[in-house]
Amino acid sequence: MSFLNDILVVDFSQFLSGPSASLTLADLGARVIKVERPVTGDICRELYVSDVVIDGESSIFQAINRSKEGYTADLKNASDLIKVKKLLKRADVVIHNFRPGVMERLGLDYETVKGLNPSVVYGSISGFGAEGPWKDLPGQDLLLQSATGITLLNNTAHENPTPLGVSIVDILSGAHLAQGILSLLYQKMTSGEGGEVQVSMLETALDFQFELLTCYYNDGNELPQRSEVNGGHPYVGAPYGIYKTADSWLALAMTDIVKLGQLTDCYALLAYTNSDEWFTQRDAIKQVLAAHLQQRSTKEWLAVLEPADIWCSEVLDYAGLRSHPAYKELQMEMTVKNSNGTAITTTRCPFRIDGQLLSSTTGAPLLGEHTASIDKEFGLNQLQKEGAVVS
C-alpha cells in the first residue's frame, strides 16, 4: 500500500524516537531519506542495547530504519549544508530529534526551513521540551521514566524503583510525532499550509500516565502506593498482579474476589464480601491468593477461570508466544533484506488498513548508500559546481 507515495520525508533524527516516527510514515508509503553524519552515522548503528549485531551494526538500527534511503552529509560543512537545504526545498516533511538549539545553530530550524519551503511540515522530538530548567538534559528513556514517576509504579513496595523493560517513552514519542505529522499533512492537503509539530518525551511520559495522574490530582495529592506483594497497578485492588503457580505464572486482572474464591476453592476469600476491602485489604488478599495458587499448574487454573470469564492469562516468554496459534494468526513477523543480501526477521507495521497488512521487504540502508543517487536525482552536485548559495 502507498497512501503517502507522493510524500518526501527528510529525516535527521537518530536512535529510536524520531526514527520510529519516520518508520511509520515509510510503512504508509512515504519516501524517507535518512540523513546521517559521514563515517559514524546514526549513533544507533553502534549504540548496542543488546549483543545482537547484524552486518556489524545494532539489530535495533536494522529494525527501525528499514524501508529508508541512506544519505550522508556533514551539517557543519558549508558545501554539504547547501546540498541539504536544496533537498529541503523539495521535502514535504522534515524530522529531527536533536536537543533544543542544535538546529538553530545549524541554520535548519523551522523558521529557516519554512523560508525555503513555506508549506513544509516540520516535526521534532526533544527530551524535556524547548524551555525550562531541564531543557538541556539528555532525552534518554530510562531518565524520562525515572523523572516522571513511572519507575515507582512497577514492582512491589519493598523493591527498588523499576523501569519498564522496553523503551516505552521513545516509542510513544515517535507515535505522537507521526500522529501530529499526519494531521499537518491533511492540513497541507486541504489548505496548502504546513506547520510545526513539537513533541517532548517529558510530555509523552506524562500523557502515558493520564489515568494515574488524574487520580493523583483529584485525590488530595495522595501518592500511589505499590502493593506489598504481587504488584501490578498501584491504583487497582486485589487480585491484580502476577502469581506463581505450581509450574509457572498466572496473571489476574480485575475480578470479583468472592467469585474468584469460589472458583478456586480458596475459601478464605469468601469473607471479603465488601468490595471496598478489595483495595483496603489488597495485600492481605493477595498473600492468601498467592499461597493458594501454587497448589495447581497454570493450565489447570486457566481451565477453571477462563470459562467463567475471569480476566486471566498465562505468562509467556517469547518462545511460548511465538509457538502460540494466536501469535501465528497475526502474521506479525516479516523478513527484510539489506543491499548486502542479509536477511533480517523483524516485526511489521502493527495496524491494518482495509484488512490489509502493511509489510516491507527492504532493510535498513548502509551508511550513505543512496547519497550519490539522491545527489544526481535532485541535482545537488550540480548545485555545488555552480557555486550556488541557498540562504
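Thresholds, definitions, all that
For every chain, the first residue of the written sequence is number 1, and numbering continues from 1 along that sequence. Local features in this predicted model are restricted to residues whose pLDDT is 70 or higher, and side-chain atom pairs enter the listing and the counts only when it is 80 or higher, whereas totals over whole chains, interfaces and linings include all residues. Working from all heavy atoms in the structure, the side-chain values ignore hydrogens and water. Under the DSSP-based scheme used, a helix requires at least four consecutive residues in state H or I and a strand at least two consecutive residues in state E, with every element numbered from the N terminus. We call two residues in contact whenever any of their non-hydrogen atoms come within 4.5 Å of each other. Two rings from Phe, Tyr or Trp (for Trp, the six-membered ring) form a pair when their centres are within 6.5 Å of each other. A pair whose planes differ by under 30 degrees is stacked, one over 60 is edge-to-face, and the rest are tilted. For each residue, the accessible area found with a 1.4 Å probe, counting protein chains only, is set against the maximum for its type, and the residue is called buried under 20%, exposed over 50%, and partly exposed in between. Over a ring means this: the NZ of a Lys or the CZ of an Arg is within 6 Å of the ring centre and within 35 degrees of the ring normal. Strands are labelled as partners when DSSP assigns at least two bridges between them. A fitted line through C-alpha atoms serves as each axis, taken over the contacting stretch for helices, and the angle formed by two N-to-C directions is quoted from 0 to 180°. Each angle gets one of four labels, with under 35 degrees taken as roughly parallel, over 145 as roughly antiparallel, 65 to 115 as roughly perpendicular, and the rest as oblique. Crossings are classed by handedness, with left-handed meaning an anticlockwise turn of the near helix from the far one by less than a right angle and right-handed meaning a clockwise turn. Each direction from the helix axis to a C-beta atom contributes to the arc, which is the arc of those directions. A score between 0 and 100, pLDDT records how confident the predictor is in each residue. Working definition of a nonpolar core: buried Ala, Val, Leu, Ile, Met, Phe, Trp, Tyr and Cys residues. They are joined through side-chain atoms within 4.5 Å.

Structurally, Ser 124 can be placed in strand S7 (residues 121-126). Residues Ser 124 and Gly 70, spaced 54 residues apart in sequence, show a C-alpha to C-alpha distance of 20 Å. Each residue touching Ser 124, except ones within four places of it in the same chain, is listed here: His 96, Leu 177, Val 197, Gln 198 and Val 199.

Applying the stated criterion across every chain, the model contains 3 aromatic pairs. For the ring pair Tyr 110 and Tyr 122, a centre distance of 5.6 Å and an interplane angle of 55° mean the geometry is tilted. Separated by 12 residues along the polypeptide, Tyr 110 in helix H5 (residues 110-116) and Tyr 122 in strand S7 bring together distant segments of the chain. The exposure class assigned to Tyr 110 is buried, which follows from its relative accessible area of 11%. Seen from their ring centres, Tyr 216 and Tyr 217 are 6.3 Å apart, and the 55° between their planes marks the pair as tilted. According to the relative accessible area criterion, Tyr 217 is exposed, its value standing at 56%. Seen from the ring of Trp 249, Lys 244 lies directly overhead, with NZ or CZ sitting 5.6 Å from the centre. Lying over the aromatic face of Phe 279, Arg 282 brings its terminal NZ or CZ to 4.9 Å of the ring centre.

Strand order across the open sheet formed by 6 strands is S5-S2-S1-S6-S7-S8, with parallel pairing between neighbours. Single-partner strands in this sheet number two, and they are strand S5 (69-72) and strand S8 (195-200). Averaged over all adjacent pairs, the angle separating strand axes in this sheet is 20°, with direction ignored. Both strand S2 (residues 31-36) and S5 contribute to a ladder of 4 bridges, which runs parallel. Bridge pairing links Ile 33 to Glu 69 in S5.

Bringing the packing of helix H1 (residues 17-27) against helix H7 (residues 168-191) into the picture now. Two numbers describe how H1 lies on H7: the axes approach to 7 Å, and their chain directions differ by 45°. Taken together, the axes of H1 and H7 are oblique relative to one another. Relative to H7, H1 is oriented so that their crossing is right-handed. On the side of H1, the interface is formed by Ser 17, Ser 20, Ala 21, Thr 24 and Leu 25, while H7 contributes Asp 170, Ile 171, Ser 173, Gly 174, Leu 177, Ala 178, Ile 181 and Leu 182.

Taking strand neighbours across the sheet as the criterion, the 3 strands line up as S9-S10-S11 in an open arrangement whose pairing is antiparallel. If you trace the sheet from one side to the other, it starts and ends with strand S9 (241-244) and strand S11 (312-314), each paired once. Strand-to-strand twist across the sheet, computed as the mean angle between neighbouring axes with direction ignored, equals 25°. Note that S9 and strand S10 (residues 249-252) share 4 bridges and pair antiparallel. When the bridges of S10 are listed, Tyr 243 appears paired with Leu 250. Contacts from helix H12 (residues 282-293) reach S9 and S10 within the one sheet, and its direction differs from that of S9 by about 40°.

Turning our eyes to something else, we now look at helix H13 (residues 298-305). Regarding H13, the residues found buried are Thr 298, Trp 301, Leu 302 and Leu 305. The buried residues of H13 occupy an angular sector of 100° when the element is viewed end-on, so they sit on one face. Of the exposed residues in H13, those oriented more than 90 degrees away from the buried face are Lys 299 and Ala 303. Of the surrounding elements, those touching the buried residues of H13 are S10, helix H10 (257-264), H12 and S11.

On to the confidence of the model for the protein chain, then. Detailed reading of the predicted coordinates is not advisable wherever pLDDT is low. For the protein chain, per-residue confidence averages 95 on the pLDDT scale, and residues scoring 70 or more make up 97% of the total. Within the model, pLDDT remains below 50 along residues 385-391, and this stretch shows 9 contacts once partners closer than five positions in the same chain are excluded.

To continue, consider the nonpolar core. Core analysis: the largest hydrophobic core is formed by 30 residues, its most contacted members being Val 9, Leu 25, Val 93, Leu 177 and Ile 181. Sort the elements by how many residues they give to this core and H7 lands first, with 7 residues. Those residues in contact with Ile 181, other than ones at most four positions away along the chain, are Leu 25, Val 93, Ile 95, Val 121 and Val 197. Of all hydrophobic cores here, the second largest spans 25 residues; its members include Val 35, Leu 75, Ala 91 and Phe 98.

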